[in-house]
Amino acid sequence: MHIQTAAVQTLRHHEHGAVVPPVHLASTFELDPGSEDGSYAYQRGANPTRAQLETVLATLDGAAHGFAFASGMAATAAALSTLAVGDEVILPASVYGGTYRFVDLVLPGRGVTGRFVDDLGALTDADFTAATKAIFMETPANPTLRITDLRRLTELAHRHGAIVIVDNTFMTPVLQRPLELGADVVVQSATKYLAGHSDLLAGAITTNDESLAEAFALAQKAQGGVLSPGDSFRLIQGIKTLPLRLERQQANTVAIVDHLRGHDDIAQVWYPGSHSEDEARIHAGQATGTGAVLSFELAPELDRVAFLRALRYPGYAVSLGGVESLICRPATMTHEAMTPQAREKAGISEELLRLSVGIEDITDLLEDLDQALAAAR
């Protein structure tokens, strides 16, 4: 199946001919006293509705195994929990603030070191040590939209016995399939594009590695951060419209980027491939679209607060990927966990704004940006 078909048709033939899967709310399941064994015993360990969602997640990513968690951070934490005392994970300086917080504040207490580097693309064999067991990456990066060569990095990491974990939230499996490019694990905040309506929290992990799959199943059962049956059902339904939503969001994003580039009131615009011709080439070779997030800075003479207050449509809020446009200031919102020095190293200025583009009419969005820029002068 093409991915647009897979999003809709992966689950079929439900009980009584229902065209949508049932929601199994039971917290516990009766077992056969003779064997006391069954596919389902207690909801934390496994649930039929969550299992159906996990089948969809795996199918979309071309994976053998899928796992659904209660949030994107629960999925990221589970992926990084495969590291042991004495291990090191390398990450880009520009990474989601919640991931930075977990690596900076939680992993050290487990004896795991996180090493943040300016540019993952510049890594060489000399940057790996015996302790380096994982690379965690985003491409495009949040919120700078920097691009990393997935194929090159996975080949480099695997030479040194390190796994590669890719946060694919911005691209989704519709636009980028990291497992097919060599990555070992894909994590996503399913809260964002997969759900698509800013009304639930969810996280996803997919992998083809059997031993890692066992570790993620254990993380679900032992740590308990699993997705509820109700939210699993809602996520299944949200995924069905993912390709259509993303198609509209991308078209709107391209139009906004074209509108803002060269605009007298805009100091800089960032989008996948904007940093260099090399990054543009890499992104074009590993993804099939630009996604629907861009970042920009206003010209120095403009009033940022006045601009944000004047916007009629993009809401001033964290998160992204929903049908509605949202705008935020990463330095004080999504990446506030980072020190000023860490944000500077990552290229996240105090004036940087991140825009998640929704499915609204593009004419309305462009007119809104223009009137807000005028109000900010």
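What counts, and at which threshold
- Residues numbered from 1 in each chain as written.
- Predicted model: local features only at pLDDT ≥ 70, side-chain atom pairs only at ≥ 80, totals over all residues.
- Heavy atoms only, no water.
- Helix = DSSP H or I, 4+ residues; strand = E, 2+ residues; numbered from the N terminus.
- Rg over C-alpha atoms; globule rule 2.2 N^0.38 Å.
- Buried < 20%, exposed > 50% of the residue type's maximum accessible area, 1.4 Å probe, protein only.
- Areas by Shrake-Rupley, 256 points an atom, 1.4 Å probe, with all protein chains shown as cover.
- Core = buried A, V, L, I, M, F, W, Y, C linked by side-chain atoms within 4.5 Å.
- Contact = heavy atoms within 4.5 Å.
- Axes fitted to C-alpha atoms, helices over the stretch in contact; angles between N-to-C directions.
- Left-handed = near helix turned anticlockwise from the far one by under 90°.
- Pairing = 2+ DSSP bridges.
- Parallel < 35°, antiparallel > 145°, perpendicular 65-115°, else oblique.
- Salt bridge = Lys/Arg side-chain N within 4 Å of Asp/Glu carboxyl O.
- Polar contact = N/O pair within 3.5 Å; in protein donor to acceptor, adjacent residues only side chain to side chain.

**Section: the overall build of the protein**
Part 1 of the reasoning: Counting secondary structure elements, the protein contains 13 helices and 12 strands.
Part 2 of the reasoning: For 377 residues, the compact-globule estimate of 2.2 N^0.38 gives 21 Å, and the protein sits close to it at 21 Å.
Part 3 of the reasoning: In terms of overall dimensions, the protein has C-alpha extents of about 75 × 55 × 35 Å along its principal axes.
Part 4 of the reasoning: By the burial criterion, 54% of the 377 residues in the protein qualify as buried.
Part 5 of the reasoning: Accessible surface computed for the protein: about 15800 Å², of which carbon and sulfur atoms make up 52%.

**Some remarks on the nonpolar core**
Part 1 of the reasoning: Counting 35 residues, the largest nonpolar core has L80, V89, F136, I165, V185 and I205 as the members making the most contacts within it.
Part 2 of the reasoning: No other element matches the 5 residues that helix α3 (residues 72–80) contributes to this core.
Part 3 of the reasoning: Apart from residues no more than four positions distant in its own chain, I205 is found in contact with H65, G66, F67, F69, A75, A78, A79, V185, V186, V187 and F216.
Part 4 of the reasoning: One finds L57, M171, L175 and A195 within the second-largest nonpolar core, a separate group that totals 31 residues.

**A short note on the packing of helix α2 (residues 48–61) against helix α8 (residues 229–240)**
Part 1 of the reasoning: At their nearest, the axes of α2 and α8 sit 8 Å apart, and the two run at 35° to each other. The interaxial crossing formed by α2 with α8 has left-handed handedness. The segment α2 lies against α8, with T49, R50, Q52, L53, V56, L57 and L60 engaging P229, S232, F233, L235, I236 and I239.

**A closer look at the environment of T148**
Part 1 of the reasoning: Of note, T148 is situated in the loop between β4 (132–138) and α5 (150–159).
Part 2 of the reasoning: Separated by 200 residues in the primary sequence, T148 and I348 place their C-alpha atoms 17 Å from one another.

**Concerning the pairing of strand β1 (residues 65–69)**
Part 1 of the reasoning: Most of β1 is tucked away: 5 of the 5 residues are buried.
Part 2 of the reasoning: Side chains H65, F67 and F69 project from β1 onto one buried face, and the interleaved G66 and A68 project onto a second face that is buried too.
Part 3 of the reasoning: Here β1 pairs with strand β7 (residues 203–207) via 5 bridges, running antiparallel. By the bridge assignment, F67 is partnered in β7 with I205.

**Remarks on unusual backbone geometry**
Part 1 of the reasoning: Here the amide bond leading from T139 into P140 is cis, since omega sits at 5°, within 30 degrees of zero.
Part 2 of the reasoning: With respect to the helices and strands, P140 occurs in the loop between β4 and α5.
Part 3 of the reasoning: Positive phi, close to 65°, is recorded for H16, a residue that is not glycine.
Part 4 of the reasoning: Of note in this structure, L145 is not a glycine but carries a positive phi near 65°.
Part 5 of the reasoning: Positionally, L145 belongs in the loop between β4 and α5.
Part 6 of the reasoning: A residue is classified by how much of its surface remains accessible, and L145, at 1% relative accessible area, is buried.

**As for the packing of α8 against helix α9 (residues 242–260)**
Part 1 of the reasoning: Direction vectors running N to C along α8 and α9 enclose 55°, while the axes themselves pass 5 Å from each other. With respect to α9, the axis of α8 lies oblique. Every residue of α9 that contacts α8 at G238, I239 and K240 is listed here: L242, P243 and R245.

**Notes on the pattern of salt bridges**
Part 1 of the reasoning: The final tally for this structure, using the stated rule, is 15 salt bridges.
Part 2 of the reasoning: With a closest N to O distance of 2.9 Å, R115 and E88 form a salt bridge. Of the two residues, R115 is situated in strand β3 (residues 113–117) and E88 in strand β2 (residues 88–92); the sequence distance between them amounts to 27 residues.
Part 3 of the reasoning: Taking the shortest distance from any N to any O, the salt bridge between R304 and E351 comes out at 2.9 Å. Here R304, found in helix α11 (residues 304–310), pairs with E351, found in the loop between α12 (340–346) and β12 (353–356); they are 47 residues apart in sequence, far enough to count as distant.
Part 4 of the reasoning: Residue R304 is classed as buried on the basis of its relative accessible area of 17%.

**Points about the side chain of R354**
Part 1 of the reasoning: You can see R354 is positioned in strand β12.
Part 2 of the reasoning: A distance of 3.0 Å separates polar atoms of two side chains, one belonging to R354 and the other to N142.
Part 3 of the reasoning: A polar side-chain atom of R354 sits 3.2 Å from the main-chain carbonyl oxygen of S319.
Part 4 of the reasoning: With residues near it in sequence (within four places) discarded, R354 still touches N142, P143, V293, L294, S295, S319, L320, L326, I327, C328, P330 and T334.

**With respect to the sheet that holds strand β8 (residues 266–270)**
Part 1 of the reasoning: The strand order across the open sheet built from 5 strands is β8-β9-β12-β11-β10, with neighbouring strands paired in mixed fashion. Two strands lie at the open edges of the sheet, namely β8 and β10 (315–316), each paired on one side alone.
Part 2 of the reasoning: Two elements, β8 and strand β9 (residues 293–298), share 4 bridges in a ladder whose sense is antiparallel. Across the sheet, the residue bridging to W270 is S295, located in β9.
Part 3 of the reasoning: Contacting β8, β9 and β12, α9 runs over the sheet at an angle of about 20° to β9.

**Some thoughts on the sheet that holds β7**
Part 1 of the reasoning: Spatial ordering of the open sheet is given by β1-β7-β6-β5-β4-β2-β3, a layout of 7 strands whose pairing is mixed. Two strands close off the open sheet at either side, each with one partner strand: β1 and β3. Strand after strand, the sheet turns through a mean of 20° between neighbouring axes, direction not considered.
Part 2 of the reasoning: As judged from the 3 bridges shared by strand β5 (residues 163–167) and strand β6 (residues 185–189), these two strands associate in the parallel manner. In the strand pairing of β6, D167 is matched with V187.
Part 3 of the reasoning: Of the strands in this sheet, β2, β3 and β4 touch helix α4 (residues 97–106), which is tilted by about 135° from β3.

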